[in-house]
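Descriptive structure summary
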Amino acid sequence: MPRGWRYLAQRALSGEFLDWDVPFTLTSNPKRALSGPGGLTATIAPEYARLIGSDGMPLLQEWATKVFLEVDGHLRWGGIVTRTAFDGAQMSVECEGLTAYPHGLPYEDHIISGELITPPDPYEGRDKNHDGYIDFTNPKQPVPEPPPPYTGPRIDAFDAFRRIWQHVQTRPYGNIGLAVDGHNLGKLLGAEDGSDPWELAWWNSPDCGQALDQLTRDVPFDWLETHSWNAAHTGIDHRIRLGTPRLGRRRTDLRFADGENLAAIARPEGLGDEYANEIVVLGKGEGRAMARAQVYRYDSRRLRRVATITDKTLSSDAALRTRGEQALAGRTQALQIPAVQIVDHANAPFGSWQLGDDIRLQVHVPWVGDVDLWHRIVGDEVSADGTCILSLKRSDAFIY
């Protein structure tokens, strides 16, 4: 392990530090992901006595141990052990970011935003002879119209995100210490007229992790898991940063170019059968009553290609069209470079970017020629050999 690098192990619930230099041999580099947990895999061999607890069990236990990468005093990655395996004296360890924790946990409460509320009619049943007048009034008083329905309270998308996380971390033995940003996105869930409320209800057996992922996709917005030492350097603070709606910015101050700081370029990708310039989205309902939206983005060169997406959670035209635009953005893009390996260089020193940034790639691609494209950083993997792999998607594949 290079100088200045070390892996720390910490008890997941108590925060007690278990080991200050876990002897990992990496089988995959620590990876951070935009709006995702990221992860790493490693092995330990031979057996280390200090990594065995007083109960005879390894200190690195599934869902009991947090692991962090510290580089030159700064925490560059953090997560929790989710899987272990043993082969003789070798232990294999898989870790995922802390934000993987809600997946598989049921939501056991009820949230509704934009519910259509029909107030009780105070005069219901007071016209038993159906003559249009209130019974036993003299002079006769006509029965008033019933009060109109109205839309109940609507909550911000970020408030819903926080409430799901609050539910996860207030269950017994569920507090992993993640603080979620407190600002609002400015997008209220559910239709304004009450026609399409947003709801998360325990009786539908929702999965907390899936609910968070769908909320992120449907609104949409970015989030990022971060870890840092506290002020006293005695503990680690965990945070989910929320974009408004996106994180990162266009980095005209950084340069990524062949022959300078690019050590390797992943094979460029086209879309092949995945290409589509028209999307049909099918939502709630059956038959002729099924909710439906159609979006397209034609040019003068390509033939029409259509993809159909079915999502029975959607009913409003706005939600259907947002889903369609998201799919369209990812299916109409041309050439994409999925990843690059970079070296620490004055063009873009390590740590100068953040996930979500848009960077300009200037590379030569055989059969295509010189390519000058903006890509968005959606993941990074720091390596002990002094390089870093950036996972990328074309910037025009995103809508907010």
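That block above? That's the structure.
Described in the following lines is the structure provided in the data block. (Residues numbered from 1 in each chain as written. Predicted model: local features only at pLDDT ≥ 70, side-chain atom pairs only at ≥ 80, totals over all residues. Heavy atoms only, no water.)

Here's the deal with the overall build of the protein
The secondary structure content of the protein amounts to three helices and 23 strands. Computed over the C-alpha atoms, the radius of gyration of the protein is 27 Å, more than 25% above the 21 Å expected from 2.2 N^0.38 for a compact globule of 400 residues. Dimensions of the protein along its principal axes, counting C-alpha atoms only, are 95 × 65 × 40 Å. Across the 400 residues of the protein, 45% fall into the buried class. Put simply, 67% of the contacts in the protein that link residues at least 6 apart link residues at least 24 apart. On the protein, roughly 21000 Å² of surface is accessible, and the fraction owed to carbon and sulfur atoms is 49%. In the protein, the 42 positive side-chain charges and the 54 negative ones have mean positions that sit 5 Å from each other. (Helix = DSSP H or I, 4+ residues; strand = E, 2+ residues; numbered from the N terminus. Rg over C-alpha atoms; globule rule 2.2 N^0.38 Å. Buried < 20%, exposed > 50% of the residue type's maximum accessible area, 1.4 Å probe, protein only. Contact = heavy atoms within 4.5 Å. Areas by Shrake-Rupley, 256 points an atom, 1.4 Å probe, with all protein chains shown as cover. Lys, Arg positive; Asp, Glu negative; His and termini not counted. Charge placed at Lys NZ, Arg CZ, Asp CG, Glu CD.)

Here we look at the sheet that holds strand β13 (residues 223-229)
Spatially, three strands are ordered β11-β14-β13 in an open sheet, and the strand pairing comes out mixed. Each edge of the open sheet is held by one strand with a lone partner, namely β11 (178-180) and β13. Each strand of the sheet is rotated relative to its neighbour by a mean of 25°, with strand direction disregarded. (Pairing = 2+ DSSP bridges. Axes fitted to C-alpha atoms, helices over the stretch in contact; angles between N-to-C directions.)

Things to note about the pairing of strand β23 (residues 387-394)
Counting buried residues along β23, six of its eight residues qualify, which places the element largely inside the surrounding structure. In this sheet, β23 lies alongside strand β20 (residues 339-343) in antiparallel orientation, the contact comprising five bridges. By the bridge assignment for β23, glutamine 341 is matched with isoleucine 389. Note: strand β22 (residues 369-382) against β23, seven bridges, orientation antiparallel. The residue of β23 that forms the bridge with aspartate 380 is leucine 390. In sequence, β22 turns back onto β23 through a hairpin of four residues, with glycine 386 there showing a positive phi of about 90°.

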